[in-house]
Amino acid sequence: MSAFLTLHEPTLRLAAFGGVLALMALLEVALPRRGRTGPRLHRWVTNVALAGAGTLVLRIAVPLLAVGVATLAEREGFGLFHWVGTPEIAAFVLSFFALDLLVYAQHVAFHKYGLLWRLHRVHHADTDVDATTGIRFHPVEILISMAIKMAAVALLGAPAGAVILFEVVLNAAAMFNHSNLRIGPSTDRWLRRIIVTPDMHRVHHSIHRDEHDMNFGFNLSFWDRLSGTYRAEPREGQESMRLGLAEYPAPAPQGLGWSLMNPFWGSANPDDTPRRERTI
């Protein structure tokens, strides 16, 4: 399996990204959970452009990427799993879970520490959360996230196939759980026992600080339950809850220039973000 994933990596990544994004966009039209507060096009262009900028920055700054580190670890035999002789299947499964836990912990850190929050608030400033919000991250946040992941992969000696599968699944999961998709209550209850559902993650995008500091998981849901950061529902209800950041009302966050420059404005304290109503 690892060899297959490594051999077909570019095709798998592109197919998963394009297929899931298109599917979620169609389902959001057919089965919307909430009414939109603004037009889609401007937001979509900005969110997709941010994703493209992040990919470009990665390719220029760290062309090796996490998969490259995993391949190097396999060739040179470094990392925990290589040192202790962990069987390939066990290393594959353990790497997937370890990387998912890392993403959870990293997400908590980006909310807690001011300089990281400056970057991450670009993601939270989106006032209409949908599938494209799942790829809306500042390029510098993407760069930092990749550096953390590369370090973890090197430390673990994670198999390249596991890294590829994890990144494909995480990207698809982010678009799914950010989607404006209506899922039946009973189905949602069962799904969120294992994975993060749109209703579960939407709480994290609440305008209320005590709610957006909950439900940090991006893929597997039990990290929040185990860590005490799980909240089932927003106080205002799924259809009435306000999304985004109070300090940055629409339409400013929909602008690409605003999104790229926002981390360089105002306070770095997550509890003291100043109000700015710039439009670029």
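See the structure shown above.
Residues numbered from 1 in each chain as written. Predicted model: local features only at pLDDT ≥ 70, side-chain atom pairs only at ≥ 80, totals over all residues. Heavy atoms only, no water.

## Description of the nonpolar core
Of all hydrophobic cores here, the largest spans 30 residues; its most connected members are Ala66, Leu99, Met146, Val153, Val163, Phe166 and Phe218. Of all the elements in the fold, those that place two or more residues in this core are α4 (65-76), α6 (88-112), α8 (139-156) and α9 (160-177). In terms of residues, this core owes the most to one element, α9, which gives eight residues. Contact partners of Leu99, with chain neighbours within four places excluded, come to Lys149, Ala152, Val153, Val163 and Phe166. Counting residues in hydrophobic clusters, the runner-up holds 10 residues, among them Ala131, Ala172, Leu181 and Ile183. (Core = buried A, V, L, I, M, F, W, Y, C linked by side-chain atoms within 4.5 Å. Buried < 20%, exposed > 50% of the residue type's maximum accessible area, 1.4 Å probe, protein only. Helix = DSSP H or I, 4+ residues; strand = E, 2+ residues; numbered from the N terminus. Contact = heavy atoms within 4.5 Å.)

## Structural notes on unusual backbone geometry
The peptide bond linking Ala250 to Pro251 adopts the cis configuration, its omega dihedral lying at 10°. Note that Pro251 resides in the loop between α13 (222-227) and α14 (256-261). At Leu65, a residue that is not glycine, the phi angle is positive and equals roughly 60°. For Leu65, the position within the fold is in helix α4.

## Remarks on the environment of Glu236
Along the chain, the position of Glu236 falls in the loop between α13 and α14. A residue is classified by how much of its surface remains accessible, and Glu236, at 27% relative accessible area, is partly exposed. Between the C-alpha atom of Glu236 and that of Val203, which follows or precedes it by 33 residues, the distance is 10.0 Å. Side chain to side chain, Glu236 and His208 meet in a polar contact 2.9 Å long. (Polar contact = N/O pair within 3.5 Å; in protein donor to acceptor, adjacent residues only side chain to side chain.)

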